[in-house]
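Chain and residue survey
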Amino acid sequence: MEHLKEVIRHMPRVRKIFKQREFRTFLFLVLLFIVVGFINSDYLSLQNIDRSLKSSLLYIVLAVGMTFVLLTGNLDISVGGTLGLSAAVCGTILRDGGNILLAVIAAILIGAIIGLINGFGVTKLKISSFIMTLAILSITRVVQVIYTDGKWVENIPANFKELSNIDIFGINLLSFIVIVGVIFVQLYLSRSSKGRYYNAIGDNADGAISLGIPVNRYIAYSFVISGICASLAGLIFVSQIGFVSTNAGAGIELTVIAACVLGGVSLIGGIGTVVGAALGAIILTSINSALVYMKVPAFWNDTISGSLLIIIVVIDALLAFHANKKAKKLRLNARVL
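On a predicted model such as this, the values are computed, not experimentally measured, just so you know. (Residues numbered from 1 in each chain as written. Predicted model: local features only at pLDDT ≥ 70, side-chain atom pairs only at ≥ 80, totals over all residues. Heavy atoms only, no water.)

Another aspect to go through is the overall build of the chain. Each helix and strand in the chain was counted, giving 15 helices and two strands. Counting across all 337 residues of the chain, residues that qualify as buried make up 44%. Counting contacts in the chain only where the partners sit at least 6 residues apart, residues at least 24 apart contribute 76% of the total. Carbon and sulfur atoms make up 69% of the accessible area of the chain, which totals about 18,200 Å². (Helix = DSSP H or I, 4+ residues; strand = E, 2+ residues; numbered from the N terminus. Buried < 20%, exposed > 50% of the residue type's maximum accessible area, 1.4 Å probe, protein only. Contact = heavy atoms within 4.5 Å. Areas by Shrake-Rupley, 256 points an atom, 1.4 Å probe, with all protein chains shown as cover.)

Below you can see the structure in the form of structure tokens.
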């Protein structure tokens, strides 16, 4: 009897967890692995799960940065160009005998500078974030081609490429660092007052200004964070791939935005978490690997991935609408009574 009372007492908490978009996203990820695992048992192997996580690290880092921008109600289309340019600079420094620390610092500075330029254009020049970052995307692509003389950056030192394969107690070090980083960023956004500024700005910019929040400053911060995350993703790209093509990161910005939306980050701002965005990134990369294990022809990949994304988002939106409608009805009944 006491056990039953304890279960009943915790039921509201359980319902609250089930209503979380992140939890539903995680359930879909688990369901994806189970369903594909029935079709091909190799998909459920620890080796494949580890490979899927490693493949998604680049997208997770990009999604974290993009979440900051989306929370403020803006977009950053330039992340693919920032990734490509940072990767090219890092690769050439390493190829020409520079040390790893110098390459990392140079790449991060590039991301921060591009982020500052985006932030300045959006906050000071009042340019639409879509137009501003789209222009910067085009510029960075041209700069990368000029910098590399239109050639691929190859012959990256083996010691840098080995960084992505370091394991500690059977856990990939890079995966561990990224996961811990996501947790810390989530705690910052949800627990600290300044972290909650980003949600407040996207939810109601005028209200945030009236509360004394420096809106323009934090919007600029969001672009700088996104730029730095894109540079870090560029470093991961160099380490995992081992070379940098002239179109490295091309089109990746759309995948990152899709991952964020899939994880519950709103395109109009104010709603979302980096945990959800990270789960969305893992799902998108896992879908692509699942299609390989299901022996689906490669030319169907984009169509199937896009269709699944639409279905997932629509179903989740319907569930959220139903939950909000039910909550509104309960509040109305409470007022009447």
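From this point, the narrative continues.
Attention now moves to the packing of helix 4 (residues 46-71) against helix 9 (residues 173-191). To describe two helices that pack against each other, one gives the angle between their axes and the distance between the axes. Packing of helix 4 against helix 9 brings their axes to within 10 Å, and their N-to-C directions diverge by 20°. Classified by the interaxial angle, the pair formed by helix 4 and helix 9 is roughly parallel. Of the two elements, helix 4 crosses helix 9, and the hand of that crossing is left-handed. For the pair formed by helix 4 and helix 9, the contact residues are Leu53, Lys54, Leu57, Ile60, Val61, Val64, Phe68 and Leu71 on the first element and Leu174, Ser175, Val178, Ile179, Val182, Val185, Tyr188 and Leu189 on the second. In terms of residue class, the contact of helix 4 with helix 9 is built from 14 nonpolar, one polar and one charged. (Axes fitted to C-alpha atoms, helices over the stretch in contact; angles between N-to-C directions. Parallel < 35°, antiparallel > 145°, perpendicular 65-115°, else oblique. Left-handed = near helix turned anticlockwise from the far one by under 90°. Nonpolar A, V, L, I, M, F, W, Y, C, P; charged D, E, K, R; others polar.)

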